[in-house]
Amino acid sequence: MNAMDLVHMLDFPQKGDDRGHLVIVEGMDDIPFEIKRIFYIYGSDNNVVRGQHANRKSEFILINVAGTSKVRVKDGKGNEVVYSLNRPHTGIYLPRMIWKDMYDFSEDSVLLCLASTHYDASEYIRNYDEFVKIINSENQIEG
Ligand code: TYD
């Protein structure tokens, strides 16, 4: 299966009441993995492009819990799709081996990232040409 087909938006359960909003994200329930790591990105100017990598092992969920941003995903085979993150109760699921660029951050953007792994720099592919090569060699193995 092409990694691009696995990318999808998720709408998380909400239990808001007259005291305010509450959004729930449970590992292996609302998202398809156990959460091993949380990090969040804020204070990025709207001319900044973050990400610019693919991961051999990690799956991610990205949620703009405040503000807005965009995520461009590429499969290394010429396909790319842009998703807008603009609601605190929606997220995007990113599987392994998908290239991602996060950009167009609003001034108030807080981008929450949930990961299926602990941080391991060696599983990050930060060179796009190398990513394309790996994707093509995997294709050959799959036939
Ligand atoms: P980077 O991967 O460039 O951030 P992003 O993909 O969000 O643009 O990470 C920036 C720095 O932070 C880099 O030196 C690696 C480090 N880092 C960690 O130590 N642990 C982590 O979980 C993450 C995401 C990054």
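What counts and what doesn't
Residues numbered from 1 in each chain as written. Predicted model: local features only at pLDDT ≥ 70, side-chain atom pairs only at ≥ 80, totals over all residues. Heavy atoms only, no water. Phe/Tyr/Trp six-rings, centres within 6.5 Å; stacked < 30°, edge-to-face > 60°. Helix = DSSP H or I, 4+ residues; strand = E, 2+ residues; numbered from the N terminus. Buried < 20%, exposed > 50% of the residue type's maximum accessible area, 1.4 Å probe, protein only. Contact = heavy atoms within 4.5 Å. Polar contact = N/O pair within 3.5 Å; in protein donor to acceptor, adjacent residues only side chain to side chain. Pairing = 2+ DSSP bridges. Near = heavy atom within 4 Å. Areas by Shrake-Rupley, 256 points an atom, 1.4 Å probe, with all protein chains shown as cover. Nonpolar A, V, L, I, M, F, W, Y, C, P; charged D, E, K, R; others polar. Axes fitted to C-alpha atoms, helices over the stretch in contact; angles between N-to-C directions.

Enquirer: For this particular structure, what's the right way to read the packing of aromatic side chains?
Expert: What characterises a pair of aromatic rings is the spacing of the ring centres plus the angle enclosed by the ring planes. What the rule picks out here adds up to six aromatic pairs. Taken together, a centroid distance of 6.2 Å and an interplanar angle of 85 degrees make the contact between Phe39 and Phe60 edge-to-face. A residue pair is termed long-range when its members are at least 10 positions apart, and Phe39 in strand E2 (residues 37-42) and Phe60 in strand E4 (residues 60-66) qualify at 21 residues. Here Phe39 falls in the partly exposed class, since its relative accessible area comes to 27%. Using a relative accessible area of 2% as the deciding quantity, one classes Phe60 as buried. Residues Trp99 and Tyr128 carry aromatic rings whose centres are separated by 5.1 Å and whose planes lie at 85 degrees to one another, so their mutual orientation is edge-to-face.

Enquirer: I tried to follow the environment of Asp30 on my own but got confused; where do I start?
Expert: Secondary-structure assignment places Asp30 in the loop between strand E1 (8-11) and E2. Classification of Asp30 by relative accessible area gives buried; the value is 18%. Between the C-alpha atoms of Asp30 and Glu107, which are 77 residues apart in sequence, the distance is 28 Å. Once you skip the residues sitting within four places of it in the chain, Asp30 turns out to touch Leu10, Phe12, Pro13, Ile24 and Val25. There is a polar contact of 2.8 Å between the side chain of Asp30 and the backbone nitrogen of Glu26.

Enquirer: Would you mind showing me how to read the pairing of strand E9 (residues 110-115) here?
Expert: On a regular strand, one side chain projects to one face of the sheet and the next to the other, so that they alternate. In terms of burial, E9 is a largely internal element, five of the six residues being buried. With six bridges connecting them, E2 and E9 associate as antiparallel partners. Bridge pairing in E9 links Ile38 to Leu114. As paired strands, E4 and E9 are joined by six bridges and run antiparallel to one another. Paired with Ile63 across the strands is Leu112, a residue of E9.

Enquirer: I would appreciate a short explanation of the site of the ligand in the present structure.
Expert: Around the ligand sit Arg37, Phe39, Ile41, Arg50, Gly51, His53, Tyr119, Tyr124 and Arg126, and that is every residue in its neighbourhood. Between an oxygen atom of the ligand and a side-chain N or O atom of Arg126, the distance comes to 2.8 Å. Protein contact buries 60% of the 520 Å² of open area that the ligand shows by itself. Grouping the amino acids of the shell around the ligand by side-chain chemistry returns four nonpolar, two polar and three charged.

Enquirer: Looking at this structure, I do not really get the sheet that holds E4. What am I missing?
Expert: Sheet strands pair via backbone hydrogen bonds, and the direction of the pair is either parallel or antiparallel. The five strands are arranged E1-E7-E4-E9-E2 in an open sheet whose pairing can be described as antiparallel. Sheet topology places E1 and E2 at the edges, where each strand pairs with a single neighbour. Pairs of neighbouring strands in the sheet enclose a mean axial angle of 25 degrees, with direction left out of account.

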